[in-house]
Amino acid sequence: MNDKELTIGETAKYLGVSIDTLRRWDKSGKLPARKSAGGHRYYSLLDLELFKQDIFALATRWLIETPKEPDTEFYCPTSIEFKGRLSKLQTSLEGVEDINNYYPLIVAIVGEIGNNSFDHNLGNWPDISGIFFSFDVNKRQIALADRGQGVLRTLKRVKPEIKNDAEALHTAFTEVISGRAPEARGNGLKFVLEVVLNRDIELDFYSGQAKVNVSNNALEMKINNTERYYSGCLALIRF
C-alpha cells in the first residue's frame, strides 16, 4: 500500500468529517496528525486506512475464508518479520501515557501469543504459514491470527484424554505442561493469563469452537463454546 501523506483538508474529505473534528481528534489523541516544520497537519494514508478498518474483523475474515496470504501490512510469514513488527508495536505504545508502567507487558503477551503460533506449527502448517498481526493504538486494539493446527490438536499429542476445544483452552491457560516440544504449547499462555488479570487489559482468544475471555475488570477467565469454527488461533487484546 502506498503510504502517501494527505493534508488536513484532504483527510477531512477522505473520512467524511469536518476539519474541526480532525483538530479535536488530534488534540485528544484519537487520530494524531503529523506536523510539518511550519506546524501544518498531515496524515498518513496507511494510518487512515487502519483507522477506518476493524483489525479484528480483518483477522477473523482471513482465518475463516478461503486460504490466501493476508495483505502485506498485516502479514508476518516468519518469526523474524513478527519480531520486527513487535518492535514497532513497542515504539508505538511508548507514547501512550496511561500505560507507561506496563506497556512492556503488553508487548510481552503479544510476543508469547505470536511465538506460540510459530513454535507449535513449525513444519505442520495446514495451508498458509505465518500469522496475521496488526495493532491500532488509537483504538487500543491488537489482533493476531494463525491458520495453524489449533490448541486442541496440539495438546492431544501429550494429553489424548482432552475431549474438546473448551477443555483444551482451559488446559492451555491453567495447567503446567512439560517443556518439551510440542508439549510446551500453552505454558506461555499461563503467563498471558497472569498479566491480563493483573493489568487493565482484556483478552479474547479463540481456537476451534471455543473462546476464552479474560479481563482485569472481571478478575476471572471465562470459557464458552462458539457457533463458528476457528481453525488455528485468533486473539484480540484491548488495553
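For the structure itself, consult the block above.
Residues numbered from 1 in each chain as written. Predicted model: local features only at pLDDT ≥ 70, side-chain atom pairs only at ≥ 80, totals over all residues. Heavy atoms only, no water.

## Examining the overall build of the protein chain
Logical step 1: Scanning the protein chain from terminus to terminus reveals 9 helices and 8 strands.
Logical step 2: Its C-alpha atoms give the protein chain a radius of gyration of 19 Å, within 12% of the compact-globule value 18 Å for 239 residues.
Logical step 3: By principal-axis analysis of the C-alpha atoms, the protein chain measures approximately 65 × 35 × 35 Å.
Logical step 4: A sequence separation of at least 24 residues applies to 58% of the contacts in the protein chain between residues at least 6 apart.
Logical step 5: Entry remark: accessible area of the protein chain is about 12,000 Å², with carbon and sulfur atoms responsible for 47%.
Logical step 6: Between the centroid of the 31 positive side chains of the protein chain and the centroid of its 32 negative side chains there is a distance of 2 Å. (Helix = DSSP H or I, 4+ residues; strand = E, 2+ residues; numbered from the N terminus. Rg over C-alpha atoms; globule rule 2.2 N^0.38 Å. Contact = heavy atoms within 4.5 Å. Areas by Shrake-Rupley, 256 points an atom, 1.4 Å probe, with all protein chains shown as cover. Lys, Arg positive; Asp, Glu negative; His and termini not counted. Charge placed at Lys NZ, Arg CZ, Asp CG, Glu CD.)

## Quick notes on the pairing of strand β7 (residues 202-215)
Logical step 1: Among the 14 residues that make up β7, 11 are buried, leaving the element largely enclosed by the rest of the structure.
Logical step 2: Of the pairings in the sheet, the one linking β7 to strand β8 (residues 220-238) comprises 13 bridges and is antiparallel in character. Each residue of the ladder has a partner; that of Ser 215, found in β8, is Glu 220.
Logical step 3: Between the antiparallel neighbours β7 and β8 lie 4 residues, among them Leu 219 with a positive phi of about 55 degrees. (Buried < 20%, exposed > 50% of the residue type's maximum accessible area, 1.4 Å probe, protein only. Pairing = 2+ DSSP bridges.)

## Description of unusual backbone geometry
Logical step 1: Positive phi values are uncommon outside glycine, yet Arg 140 reaches one of about 60 degrees.
Logical step 2: Checked against the element boundaries, Arg 140 lands in the loop between β5 (131-136) and β6 (141-146).
Logical step 3: Take Arg 140: its relative accessible area is 24%, and that puts it in the partly exposed class.

## Things to note about the layout of surface pockets
Logical step 1: Considering only enclosed or pocket space, the largest pocket measures out at about 850 Å³ in volume.
Logical step 2: Together, 28 residues line the largest pocket, and Asp 47, Leu 50, Ser 92, Phe 135 and Val 137 are the ones closest to its centre.
Logical step 3: Elements with a contribution of two residues or more to the lining of the largest pocket: β3 (41-44), α3 (45-52), α5 (79-93) and β5.
Logical step 4: In terms of residues, the lining of the largest pocket owes the most to one element, α5, which gives 5 residues.
Logical step 5: The space that makes up the second largest pocket amounts to roughly 200 Å³.
Logical step 6: Lining the second largest pocket we find Leu 58, Arg 61, Trp 62, Glu 65, Lys 68, Glu 69, Pro 70, Asp 71, Phe 74 and Phe 132.
Logical step 7: The biggest single contributor to the lining of the second largest pocket is helix α4 (residues 55-64), with 3 residues. (1 Å grid on protein atoms, 1.4 Å probe; cavity = no way out; pocket = protein on both sides within 12 Å on 5 of 7 lines; lining within 4 Å. Points joined across faces, edges and corners; volume = space filled by probe spheres on them.)

## Here we look at the environment of Gly 84
Logical step 1: Assignment of secondary structure puts Gly 84 in helix α5.
Logical step 2: The exposure class assigned to Gly 84 is partly exposed, which follows from its relative accessible area of 36%.

## A few points about helix α8 (residues 165-174)
Logical step 1: With 7 of its 10 residues buried, α8 lies for the most part within the structure.
Logical step 2: Taken as a whole, α8 has its buried residues at Asp 165, Ala 166, Ala 168, Leu 169, Thr 171, Ala 172 and Phe 173.
Logical step 3: At the N-terminal boundary of α8, the capping side chain belongs to Asn 164, with an oxygen 3.3 Å from the backbone nitrogen of Ala 166. (Polar contact = N/O pair within 3.5 Å; in protein donor to acceptor, adjacent residues only side chain to side chain.)

## Some words on the packing of helix α1 (residues 8-15) against helix α2 (residues 19-28)
Logical step 1: The geometry of α1 relative to α2 is characterised by a closest axis approach of 9 Å and an angle of 100 degrees between their N-to-C directions. Classed by the angle they form, the pair α1 and α2 counts as roughly perpendicular. Residues Ile 8, Gly 9, Thr 11, Ala 12 and Leu 15 of α1 form the contact with α2, whose participating residues are Ile 19, Leu 22, Arg 23 and Trp 25.
Logical step 2: Among the residues making up the contact of α1 with α2, the classes are represented as 6 nonpolar, 2 polar and 1 charged. (Axes fitted to C-alpha atoms, helices over the stretch in contact; angles between N-to-C directions. Parallel < 35°, antiparallel > 145°, perpendicular 65-115°, else oblique. Nonpolar A, V, L, I, M, F, W, Y, C, P; charged D, E, K, R; others polar.)

## Some details on the state of the cysteines
Logical step 1: Summed over all chains, the structure comprises 0 disulfides.
Logical step 2: Here Cys 76 stays unpaired: no disulfide links it, and the sulfur of Cys 233, its closest cysteine neighbor, is 16 Å away.
Logical step 3: A relative accessible area of 4% means that Cys 233 is categorised as buried. (Disulfide = S-S within 2.5 Å.)

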